[in-house]
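Descriptive analysis of the structure
Residues per chain, in single letters:
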Amino acid sequence: MKMLLGLVTLSVVVVAILGAPLDDSRTAEILRYDSENIGIDGYRFEFETSDGTARREEAELRNAGTENEAIVVRGSYSYTGPDGTVYVINYVADENGFQPEGAHIPK
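Only a predicted model underlies this, so the values are computations on that prediction, with no experimental measurement involved.

**Focus on the overall build of the protein**
Regarding its fold elements, the protein presents one helix and six strands. Helices (α) and strands (β) of the protein occur, in sequence order from the N terminus, as α-β-β-β-β-β-β. Split into buried and exposed, the 107 residues of the protein put 28% on the buried side.

Here you go:
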């Protein structure tokens, strides 16, 4: 189960990183960070940086100990694009895969 939790978390982090634009000319500082309940049955965290990036995420283990055991991750992240637009992505990652939503993401 720990391996599944780690893989889901890593997958979401990679997608979030790849979705944000790269800009090596600026350095961001962490303005706020909070986390709680990090364990095998779920977690929650959020942070905000000085460059306007923010992220929040929570996960819970559903159907623990059954054949249908799954971790469900919900969250959002936002960043300011090169054009000055703030992009917001809300997502769910569960047994149906990673499902992002955002005004700029085609449906």
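Structure's up, so let's keep going.
**A short note on the pattern of salt bridges**
Where side chains of opposite charge bring their charged atoms close, a pairing between them can arise. Summed over the entire model, instances satisfying the criterion amount to seven salt bridges. A salt bridge links Arg 44 to Glu 36, with the nearest nitrogen and oxygen atoms 3.3 Å apart. By sharing partners, the salt bridges in this structure join Arg 32, Asp 34, Glu 36, Arg 44, Glu 46 and Glu 48 into a single network.

**Overview of the packing of aromatic side chains**
Applying the stated criterion across every chain yields a total of four aromatic pairs. Here Tyr 77 and Tyr 91 contribute two aromatic rings whose centre-to-centre distance is 6.2 Å and whose plane-to-plane angle is 50 degrees, an arrangement assigned as tilted. Separated by 14 residues along the polypeptide, Tyr 77 in strand S4 (residues 70-80) and Tyr 91 in strand S5 (residues 86-94) bring together distant segments of the chain. Residue classification places Tyr 77 among the buried positions, given a relative accessible area of 9%. Given the relative accessible area of 4%, Tyr 91 is considered buried. Three or more aromatic residues link up through ring pairs in this structure, and these residues are Tyr 77, Tyr 91 and Phe 98.

**Notes on the pairing of strand S1 (residues 30-39)**
Burial of S1 is sparse: only zero of the ten residues sit out of reach of the surface. Looking at chain direction, S1 and strand S2 (residues 42-49) are connected through seven bridges and run antiparallel. Within S2, the residue paired with Tyr 33 across the bridge is Phe 47. Where S1 hands over to S2, the hairpin turn is made up of two residues, counted between the paired strands.

**Structural notes on the environment of Glu 101**
In this fold, Glu 101 is placed in strand S6 (residues 97-101). With relative accessibility at 53%, the residue Glu 101 sits in the exposed group. C-alpha separation for the pair Glu 101 and Ser 76, spaced 25 residues apart in sequence, amounts to 9.2 Å. Excluding its chain neighbours within four sequence positions, the residues that come into contact with Glu 101 are Val 88, Ile 89 and Asn 90.

About the cut-offs
Residues numbered from 1 in each chain as written. Predicted model: local features only at pLDDT ≥ 70, side-chain atom pairs only at ≥ 80, totals over all residues. Heavy atoms only, no water. Helix = DSSP H or I, 4+ residues; strand = E, 2+ residues; numbered from the N terminus. Buried < 20%, exposed > 50% of the residue type's maximum accessible area, 1.4 Å probe, protein only. Salt bridge = Lys/Arg side-chain N within 4 Å of Asp/Glu carboxyl O. Phe/Tyr/Trp six-rings, centres within 6.5 Å; stacked < 30°, edge-to-face > 60°. Pairing = 2+ DSSP bridges. Contact = heavy atoms within 4.5 Å.

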